[in-house]
Each structure stands twice: as structure tokens, then as C-alpha cells.
Amino acid sequence: MVCFFSLTPKEFQTPQGYLLSIANNHVLADTTKTPKYVIKKSTKNTQWTVDQRKLLITVLAKSDEEGLNPKNYQIEKLEKYEMMDSISETDILKYNLLLSGNLKKYISHLTNGKLNPRKLYADWDLKENRIEIDTIMLRLETGDSLAQKLETLKPQHSIYKKLKKALQIINTYPDDPFKKINIAKSIVPNSDNRLLINIKKRLIYWHDLEASDSLTTFYDSLTVNAVKKFQWRHGLVVDGIIGMGTIASLNYTKEDRKQQIIANLERWKWYPRDMGSEYIIINIPDFRLTLVKGSDTIRSHKAIVGRAERATPILSSTLTHAVFNPTWTVPPTILREDVIPEILKSRSYLAEMNIIIYDEKGNVVSPENWQLSQAKNYRYVQTPGAFNSLGMVKLIFPNRFAVYLHDTNHRDYFEKTGRSLSSGCVRVNNPLELTEYLLDDPVNWNLEKITTTLQKAQTIQAPIRKEVNIHILYWTAWCQDDTLIFRDDIYNLDADLYNKL
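Scanning the chain from terminus to terminus reveals 16 helices and 22 strands. Over its C-alpha trace the chain gives a radius of gyration of 30 Å, far above what one expects of a compact globule, namely 23 Å for 501 residues. Each principal axis of the C-alpha distribution contributes one length, and for the chain these read about 100 × 70 × 50 Å. Here the chain, with 501 residues, has 48% of them falling under the buried criterion. For the chain, long-range pairs separated by at least 24 residues make up 66% of all intrachain contacts whose partners lie at least 6 apart in sequence. Split by element, the accessible area of the chain, about 25,500 Å² in all, is 50% carbon and sulfur.

Here you go:
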């Protein structure tokens, strides 16, 4: 164990192995009992200097800026010890243990979060951000730049930094006095409604509408523009119509949003520190796929993700290959909940969906010979084509959930704002352009040759030779150009996570 305290020339070693110094320049009232010692306000120190101790206490006191709770690190006790002019040997040992223990706890929370997501979620497949706490402590104790070393322990991803900024921004808002708004029907522009007074007050509170000396019940053009800005910030349809979705978002309080930001800061402490030099990142609640190279966004695509009862899992992997004209083997959940009930209604469903049934030996089973008792033992394969549920291409990456990226035969779904519609896999808008980029082979796999391949209606694989990681993650808050951005918590995870924190 390490002693953190300054030494004077008059030193000795305690039975516990600590080097301590008698206070020469301080007259202590009781000299007949256990000798007392002083934390000298000196720059000479075998481990922490006075400035370093103060820095550590300041860092722990400001841990709320990282979405953590300073009370978890016994700040008041640490500050009390630091302010003492004289201190007993026992108290020095206590101070040492207290500072060391709370610093370690802070480092653990900062680098890996307070909670273990693997114990919270079944559909989770991210590696833990393992840390060597003793190695980190030794590195902090030696050399200069303590502040910089502590800074490097924090998540460095831009989204985490944007969440910290969002927390900083929302802390500037006063407490809101609003009560819930309920509407019977949508409010359209150029209409008159008594609820518009309260709606305008909220828009002013959230800085979407300029403050006005007089608020009226008329839905004017200035308020329409403010509503559209509010809708954009919340991922809603930007139409200026005040419907149920807009009212639901307006009913969130400052405290609700602050808790949401803190929950997301916790999540980002779980996420990979190194996402790779080139990677795809998918934000499930934002229904968006982004391809990043270095620090630049190369491509962005609308995405369709799993609905709440068939949630898209959280995972990291590496893309391996593309499959053109893919077949689709019906997964167990869809088989049980969708396909078998449809077959029971009509055997013609199989022909309509171009599904071929195979028994355990690989023999084709005709719809007439299909038996309910054997239904779960069969393999159901949809043949390739424009009608195929996977569309014209799928992109494969190893994972235990058997999910992948793919095209869709319902491209009109990308026009929807809420796109939590799939059974777990991620459907991608304009997937051929994305595939061409990933294959990175202008000779053999340019868009023209991809189109020719698709026209042959044969299932063909193409390897993705460069290393592109994929991260399917979940976050519902951030900021953009100092503007707060929120998304619907489609899997209802935020409040539960905050409560567990």
C-alpha cells in the first residue's frame, strides 16, 4: 500500500510500513498520548503532492460531469481530511485508504460504468472494457500530467463528448413548472386552441420559440416553425402538426431529460473504446446506419430495426462478406409466431411466399404433406428474388444472434419516421451502394457488375477484404451544435437504467 503524504526531514516508519513525519512546527495540545502528524503543505512528496491531492478531490467532486454521483466517492470526508492541520497516524492511514479506494472506484465507474450490462440484458454481446486497476494506479502515482492521465481514462468517442455537452446544457435550464398537456385531436396551423398558451410556454422553455410579451391561443407561423424545430430535435415527423407524438415529447420534464442523458452516459461507458479505423455504427433508436473512416463520416443510410418484442441486439463484430440474391432460412421466432400460424390458415401461403420446406434429411416436403407435429423440425427456405424478405443483398458478420444487414422487399418502409419494424435484423436503405463501397473492388464489384449479378438470380458470395467493424448500439440523447437532441426510447430502457444507477 502507498502513503500519499508529504515528508519532512524528520521521518520514521510505522509498524504498518508507512513513512511519517513528526510535526516540528506545530505545537499539539496533547503530547502525552499517541503522537500526531501533519500533512505538510509542501511540494515535496514521495507520491502525491499537495496539488495532486487537491486535483484528485476536485476530479471526484466533478464526477457528475461524467454522469456519475460524487456522493459515491465520499467527497465530504476527503475534503475534511485535506483541510485538517494536524492528523493522527490512524487518521493518515484512514485518509490513505479512503482516497485510494474512492479513486479506484471512480476509475472503474469511468472506464466500465457502474452497472454490468451482461447481467441486465440477454441481447447483449459486447466485450467488457477490461482495465488493470493496479497498473493504472501506479501510472497515475508516477510522473507528471496527472490531470491528462485521468482525462485519457474517459471515453473519447465524439458521442460521449456530445452527451457530456448535453448534460452541461440541460443543467443551465431552470426547474420547469409545467403540468401534463392532453389533447383530444391534433392541432393544425392557423387554428385556435386554448392549449396553445401552455404549448408555447414549453417551446419557449426549450428555446425552440423566441420569448414573447403576449401569448395567444392562435397557432401562428412563428409557432409552426418552432414546433417543426422541436419535432426535428426529437426525431418526429417535421410537419408542424401538433399530434400525440409531439405532445408526448413536450410532456417530458427537464428532470426526465436529464435522467435520460445520464442513462446514455452510462451506456457509452460500456461501449467499445476502439471502434476501429473504419466502422459501421448503427444507432437503433435513431434508425440510422453511419459509416465512419478515421474521424470522417463517409456514408449515412436510413435503417429499419427490430420492434420492441423482437429487439435488435447490441453487438460488435467485423463484416466478412456480401451475399447477392440471398435465400432466406426462416428463423425460429418468425417460424413459431408468423409462418406456422399462416400455414395453418392456408397451405397456399408457402407458394405465395416462395418458401420451400426441407425435412431433416434435406428432402423437399410438399405443402400437402406438411405436418404440424413435425413443423418445428422442418427447414423453411425462401428462394432468391425481388420478393425475398432479405431483398437483393445481405451483409454478414459473425454473431450469436444470427442477425445481419440486408435489403428489403418493402422499401416503402424507409419513408416512415418510426422504423422499429423488423424481427431483429437491420434493413438498410440503398444497400447496393453501401455494398459496392464495402467490397472496394472497382474491377469485379462495381455497381454495374453487381446489377448484372443480381439479374442472374443466382446466390453468389463476395468477400469483404478490408477490415470494417460493425457496432450496433443504443442511445437516445446527444447534442448537435449546442442543440439538445432526443429520440424515442423505443425499447423502454432509459428509465429502468437510470433507476438502477
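Here we come to the sheet that holds strand 14 (residues 379–382). Within the open sheet, the four strands sit side by side as 11-14-12-13. Their pairing is antiparallel. Each edge of the sheet is formed by a strand with only one pairing partner; in this case those strands are strand 11 (328–329) and strand 13 (364–365). Relative to strand 14, strand 11 runs antiparallel, the two sharing two bridges. Across the sheet, the residue bridging to T329 is V381, located in strand 14.

Below, the discussion takes up helix 15 (residues 447–455). If you check which residues of helix 15 are buried, you get I450, T453 and L454. For helix 15, the angular spread of the buried residues around the axis is 100°, confining them to a single face. Exposed residues lying more than 90 degrees from the buried face of helix 15 are E448 and Q455. As for helix 15, its buried residues are in contact with strand 10 (321–324), helix 14 (431–439) and strand 19 (460–463). For helix 15, the capping residue at the N-terminal end is N446, with a side-chain oxygen 3.1 Å from the backbone nitrogen of E448. In the stretch just after helix 15, A457 is the one whose phi turns positive, near 60°.

What follows covers the packing of aromatic side chains. Taken as a whole and judged by the stated rule, the model has 16 aromatic pairs. Among the aromatic side chains, those forming a connected cluster through ring pairs are Y121, W124, W268, W270, Y271, W475 and W478. When the ring centre of Y404 is taken as reference, the NZ or CZ atom of K394 above it lies at 4.8 Å. Sitting above the plane of the Y437 ring, K466 keeps its charged end 4.0 Å from the centroid.

Next up on the list: the pairing of strand 9 (residues 314–318). Where strand 5 (residues 124–125) meets strand 9, two bridges bridge the pair, whose relative direction is parallel. By the bridge assignment for strand 9, W124 is matched with I314.

Judged by nonpolar contacts, the single largest core of 131 residues is most densely connected at I199, W268, I280, Y380 and L405. With eight residues, the single largest contributor to this core is helix 3 (residues 89–112). Non-local contacts of L405, meaning those with residues more than four positions away in its chain, are made with I280, I282, L289, K394, L395, F397, V426, V428 and I470.

A few words on the confidence of the model for the chain. Of the residues in the chain, 90% have a pLDDT of 70 or more, and the chain-wide mean is 89. In this model, residues 1–46 is a region of pLDDT below 50 whose contacts with residues beyond four sequence positions or in other chains number 99 contacts.

With respect to the helices and strands, the residue D359 is situated in the loop between strand 12 (355–358) and strand 13. Each C-alpha atom, one on D359 and one on M392, is 26 Å from the other, the two residues being 33 residues apart in sequence. Beyond its immediate chain neighbours, meaning those up to four positions away, D359 contacts V365 and Y378. Among the polar contacts made by the side chain of D359, one reaches the main-chain amide nitrogen of K361 at a distance of 2.9 Å.

Between two packed helices, both the angle of their axes relative to each other and the distance between the axes serve to describe the pair. Where helix 1 (residues 50–61) contacts helix 2 (residues 75–83), the two axes come as close as 10 Å, and the packing angle between them is 160°. Here helix 1 is positioned roughly antiparallel relative to helix 2, judged by the angle of their axes. Crossing geometry of helix 1 relative to helix 2 is assigned as left-handed. Of the residues in helix 2, those touching helix 1 at V50, R53, K54, I57, L60 and A61 are I75, L78, E79 and E82. The class makeup of the residues in the contact of helix 1 with helix 2 is six nonpolar, no polar and four charged.

For helix 2, every residue scored as buried is listed here: I75, L78, Y81 and E82. For helix 2, the arc enclosing every buried residue in end-on projection is 130°, short of the 170-degree limit, so these residues lie on one face. Set apart from the buried face of helix 2 by more than 90 degrees, the exposed residues are E76, K80 and M83. Looking at the buried side of helix 2, the elements it contacts are helix 1, strand 4 (87–88) and helix 3.

This paragraph deals with the pattern of salt bridges. Between side chains of opposite charge, pairing is possible as soon as their charged atoms come close. For the coordinates displayed, the defined rule picks out 21 salt bridges. A salt bridge links K154 to E151, with the nearest nitrogen and oxygen atoms 3.0 Å apart.

About the cut-offs
Residues numbered from 1 in each chain as written. Predicted model: local features only at pLDDT ≥ 70, side-chain atom pairs only at ≥ 80, totals over all residues. Heavy atoms only, no water. Helix = DSSP H or I, 4+ residues; strand = E, 2+ residues; numbered from the N terminus. Rg over C-alpha atoms; globule rule 2.2 N^0.38 Å. Buried < 20%, exposed > 50% of the residue type's maximum accessible area, 1.4 Å probe, protein only. Contact = heavy atoms within 4.5 Å. Areas by Shrake-Rupley, 256 points an atom, 1.4 Å probe, with all protein chains shown as cover. Pairing = 2+ DSSP bridges. Arc of directions from axis to C-beta. Polar contact = N/O pair within 3.5 Å; in protein donor to acceptor, adjacent residues only side chain to side chain. Phe/Tyr/Trp six-rings, centres within 6.5 Å; stacked < 30°, edge-to-face > 60°. Lys NZ or Arg CZ within 6 Å of the ring centre and 35° of its normal. Core = buried A, V, L, I, M, F, W, Y, C linked by side-chain atoms within 4.5 Å. pLDDT = per-residue confidence, 0-100. Axes fitted to C-alpha atoms, helices over the stretch in contact; angles between N-to-C directions. Parallel < 35°, antiparallel > 145°, perpendicular 65-115°, else oblique. Left-handed = near helix turned anticlockwise from the far one by under 90°. Nonpolar A, V, L, I, M, F, W, Y, C, P; charged D, E, K, R; others polar. Salt bridge = Lys/Arg side-chain N within 4 Å of Asp/Glu carboxyl O.

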